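Descriptive structure summary
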Amino acid sequence: MTTVTDTPHITVPTADEIVDRVRELQPLLAKNSAQGEADRRVVEESITALTEAGAFKIAQPRRYGGYETSMRTMLDVSAAVGAADGGTAWVVTLCNVCAWLTGLFPEQAQDEVWATTPDAKVSGVLSPTAEAVKVDGGFKVTGRWYYNSGSWHASWAVLGIPITDADGEVIDQGLALIPRADLGFEETWFVAGMRSSGSNCLIATDVFVPDHRIMPVPAAIGGNYATEHTDEILYRSAFVPLLSLVLAGPQLGMGRKALELVTAKADTKAIAYTFYTAQSDSVAFQLQIAEAAMLIDTAHLHAYRAADDIDSAAVAGVYPDELTRTRVRADTGWVLDHITKAINILISAHGAGSFGENNPLQRIWRDSNVAARHAVTLPAVNYEVYGKALLGRDDQITPLI
C-alpha cells in the first residue's frame, strides 16, 4: 500500500516498499561494486537506479517530493544497500543524512536546493575546517573539507564553518549550505576500504554564503533548528543521535550479507587439513556461526532500540534528555563493535579463501573496518561519553551529544 501525503500529486511508499525496491537492485549494485572500487566512486548506473527507486528521498521533505520517513527507515534502506555494496551504502547514507540536515535550514535555503531540482543530492562534512569572514548579509568562506562522501554525485554540500563577529573573533560554530558549483574539488580518497564512497576534498575560496544558508551547530545540538516547519516530525529528530546512528546502517547490511555468504558455502566447503568434507559438520564451525549470528542480532537490537528512541521522541515533539542521547552514541558504537567482531569470526570460519579478490567477503571486511573508524562512531569514545553521563560527571569529552 501507499499513503498519500497532503502535498498534491505526491505518493509516499511505505518503508517496506522502499526497502523492497532497493533489494530488487541488489544484483545490479553487487555487479557494479568492483568497478566502483576501481573508479573510487559509485558507478553512475547504480546511482541512477537508486535515484529512480527513491533511495535518496527518504530524508527529503515531502514539500519537495521527498518521502520524509524516519530514523528506522534510514537504517533499513542503508542496510539493504549495504548487503550489496558497502561503498554504495555509505554514499546513500551520507547523502540522505545531509538531506536531513538541509531540512533543518530555513525554507528559503531549502527552496534553493530543491524547489527547481527535486532530485538534488547533498553531501557534507561537519568539521569546521575553514575560515569565515563576516560581511554584509553573510560570510565569505575559505576552507578545505575532508572527507566528503558522495562528493562525485552531490550538487550541494553542507560544510562546517566557524562563525565570527565583525572583529574576526569566533563566536559560534555553524553549518554552511553551499552549491557544489561554488566549490573546488581534489581527489584525496586513496584508502583500503570504502573506496567507492568517493570521500574526496571540497575546497572553498572566498565563497559568499548568505545568512539564511548558515545554521548554528550548538543550537542544533540542543534541538533548536532553523526550519519554520516545526510540524514535520522527521526534522524534530535529535541532532547528534541521528547523525551518529545513521552511520550504523551500512554495517547492519554488511554483517547480514557476510553471514549469508559463509553459511551458503558451509555444506560444500571442506575444512583444510581436517577430515571434515563440509564445514557445516564441524562443531567448532557451528559455534562460530552461532556466535557471529548472535553478535549481528545484538547489533540490530541496539540499532533499532536507538532508532525507536529517536523516532518516538520526534513524534511526541520532545527532545531526548542527555542520558538518552549519550546512550544512542553508545548503541551506535555497540553496533560497529559487534558487526566487526562478527565479520572477523565469519572470515576466520570461512577460511583464507575469504581474501580472494573475487570473493565479496574481503570487500565486506575492508569496507566494514574502514567505516567503523568514523570518529563519531568509535566504540571506546562513545562508551566513555555514555559512562560519564551515567555517572553524572561534569567532565564530558565532547559537545556532540
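Heads up: the structure comes first, above all this text.
Residues numbered from 1 in each chain as written. Predicted model: local features only at pLDDT ≥ 70, side-chain atom pairs only at ≥ 80, totals over all residues. Heavy atoms only, no water.

Side note on the sheet that holds strand E7 (residues 170-179)
Heads up, the condition is: We call two strands paired when DSSP finds no fewer than two bridges between them. Secondary structure elements follow DSSP: runs of H or I no shorter than four residues count as helices, runs of E no shorter than two count as strands, and numbering proceeds from the N terminus. Every axis corresponds to a line fitted to the C-alpha atoms, with the helix fit spanning only the stretch in contact, and the corresponding angles, defined between N-to-C directions, vary from 0 to 180 degrees. Here, residues are in contact when the closest pair of their heavy atoms is within 4.5 Å.
Sheet architecture is open: four strands sit in the order E3-E6-E7-E10, paired in mixed fashion. Edge positions in the open sheet fall to strand E3 (122-125) and strand E10 (214-216), since each of these has one partner strand only. On average, adjacent strands in this sheet sit at an angle of 30° to one another, irrespective of strand direction. Here helix H5 (residues 86-102) sits on the sheet and contacts E3, strand E6 (156-164), E7 and E10; the angle it forms with E3, its principal contact strand, is near 90°.

Here we look at helix H1 (residues 15-31)
For the record, the criterion: In a helix, the anticipated span is given by 1.5 Å times the number of residues less one. A residue's bend is the angle separating two fitted axes: one through the seven residues that end there, the other through the seven that start there. The buried label applies to any residue whose accessible area, calculated with a 1.4 Å probe on protein chains only, is under 20% of its type's maximum; exposed applies above 50%, and partly exposed to all values in between.
Given a rise of 1.5 Å per residue, 17 residues ought to cover 24 Å, and the 25 Å separating the end C-alpha atoms of H1 matches this to within 8%. The axis of H1 is deflected most strongly, by about 45°, at leucine 25, and proline proline 27 appears within four residues downstream. By the burial criterion, the buried members of H1 are Ile18, Val19, Val22, Leu25, Leu28 and Leu29. Elements in contact with the buried residues of H1: strand E2 (11-13), helix H2 (33-39), helix H3 (44-53), helix H4 (71-82) and H5.

Observations concerning the side chain of threonine 326
What counts, and what does not: Here a polar contact is recorded for every N or O atom pair within 3.5 Å, except that within protein the pair must consist of a potential hydrogen donor and a potential acceptor, and residues adjacent in sequence are included only if both atoms are side-chain atoms.
By the element assignment, threonine 326 lies in helix H11 (residues 322-350). For threonine 326, a relative accessible area of 0% corresponds to the buried category. Within the structure, threonine 326 has its side chain in polar contact with the backbone oxygen of leucine 323 (distance 2.8 Å). Apart from residues no more than four positions distant in its own chain, threonine 326 is found in contact with Val385, Tyr386, Ala389, Gln396 and Ile401.

Points about the packing of aromatic side chains
Basically, it comes down to this: Two rings from Phe, Tyr or Trp (for Trp, the six-membered ring) form a pair when their centres are within 6.5 Å of each other. A pair whose planes differ by under 30 degrees is stacked, one over 60 is edge-to-face, and the rest are tilted. Two limits define a charge over a ring: the Lys NZ or Arg CZ must be within 6 Å of the ring centre, and within 35 degrees of the ring normal.
Overall, the coordinates contain nine aromatic pairs when judged by the stated rule. Joined through ring pairs, the aromatic side chains of Trp100, Tyr225 and Phe239 make up one cluster. The aromatic ring of tyrosine 304 is capped on one face by arginine 72, whose charged end is 3.4 Å from the ring centroid. The ring of phenylalanine 139 has lysine 134 sitting right over it, with the charged end atom 4.8 Å from the ring centre.

A closer look at the layout of surface pockets
The line we're drawing: In this analysis the probe radius is 1.4 Å and the grid spacing 1 Å, with only protein atoms considered; a cavity is a set of points the probe fits into but cannot get out of, a pocket is an open set with protein on both sides within 12 Å along at least five of seven lines, and lining residues have an atom within 4 Å of a point. Grid points are joined across faces, edges and corners, and a volume is the space filled by probe spheres set on the points. Classes in brief: Ala, Val, Leu, Ile, Met, Phe, Trp, Tyr, Cys and Pro nonpolar; Asp, Glu, Lys and Arg charged; the others, Gly included, polar.
Within this model, the largest pocket holds a volume of roughly 960 Å³. In terms of lining residues, the largest pocket is bounded by 35 residues, among which Leu126, Ser127, His374, Ala375 and Val376 are the most central. Ranked by the residues each element gives to the lining of the largest pocket, the list is headed by H5, at four residues. Within the lining of the largest pocket, the residues separate by chemical class into 25 nonpolar, eight polar and two charged.

Describing the nonpolar core
To keep things clear, this is the line we draw: In this text, buried Ala, Val, Leu, Ile, Met, Phe, Trp, Tyr and Cys residues form a nonpolar core when linked through side-chain atoms within 4.5 Å.
In terms of nonpolar packing, the biggest core is built from 96 residues, with Met71, Trp100, Phe239 and Leu245 touching the most fellow members. With residues near it in sequence (within four places) discarded, tryptophan 100 still touches Ala59, Tyr225, Leu234, Tyr235, Ser237, Ala238, Phe239, Leu242 and Leu243. Core analysis: the next-biggest nonpolar cluster, separate from the first, contains 18 residues, Ala130, Ala132, Trp145 and Ile178 among them.

Thoughts on a nonpolar patch on the surface
Here is the rule: For patch building, the residue pool is restricted to those with more than 30% relative accessible area and no salt bridge; the joining distance is 9 Å between like charges and 5 Å between nonpolar side chains (Val, Leu, Ile, Met, Phe, Trp, Tyr). Using the Shrake-Rupley algorithm and a 1.4 Å probe, accessible areas are obtained, with residue cover drawn only from the displayed protein chains. A side-chain nitrogen of Lys or Arg and a carboxyl oxygen of Asp or Glu constitute a salt bridge if their distance falls within 4 Å.
Taken together, the side chains of Leu323, Leu390 and Leu391 make up a nonpolar region of the molecular surface, amounting to roughly 320 Å² of accessible area. Structurally, leucine 391 can be placed in the segment after helix H13 (379-390).

Observations concerning empty space enclosed by the protein
Evaluated as defined, the whole model comprises two cavities of 30 Å³ or more. Each pocket or cavity is described by its volume, and for the largest cavity that value is around 120 Å³. Here the element with the most residues in the lining of the largest cavity is H5; it accounts for three residues. Across the lining of the largest cavity, the residue classes tally to seven nonpolar, three polar and three charged. The volume enclosed by the second largest cavity comes to roughly 30 Å³. Looking at the second largest cavity, the residues that line it are Leu29, Asn32, Ser33, Gly36, Val42, Val43, Ser46, Asp85, Thr88 and Ser196. Grouping the amino acids of the lining of the second largest cavity by side-chain chemistry returns three nonpolar, six polar and one charged.

A word on the environment of glutamate 322
Tracing the chain through its elements places glutamate 322 in helix H11. Judged by relative accessible area, glutamate 322 falls into the partly exposed class, the value being 41%. Taking the C-alpha atoms as reference, glutamate 322 lies 9.8 Å from leucine 390; in sequence the two are 68 residues apart. The contacts of glutamate 322, once residues within four sequence positions are left out, are Gln396 and Ile401.

Points about unusual backbone geometry
Cis geometry marks the peptide bond from tyrosine 146 to tyrosine 147; its omega dihedral reads -10°. Mapped onto the elements of the fold, tyrosine 147 is located in strand E5 (residues 138-148). Positioned with a positive phi, arginine 40 is a non-glycine residue whose angle comes to about 60°. Looking at the element boundaries, arginine 40 is found in the loop between H2 and H3. The phi angle at glutamate 68 is positive, at roughly 45°, despite the residue not being glycine. Structurally, the position occupied by glutamate 68 is in the loop between H3 and H4. By relative accessible area, glutamate 68 is classed as buried at 13%.

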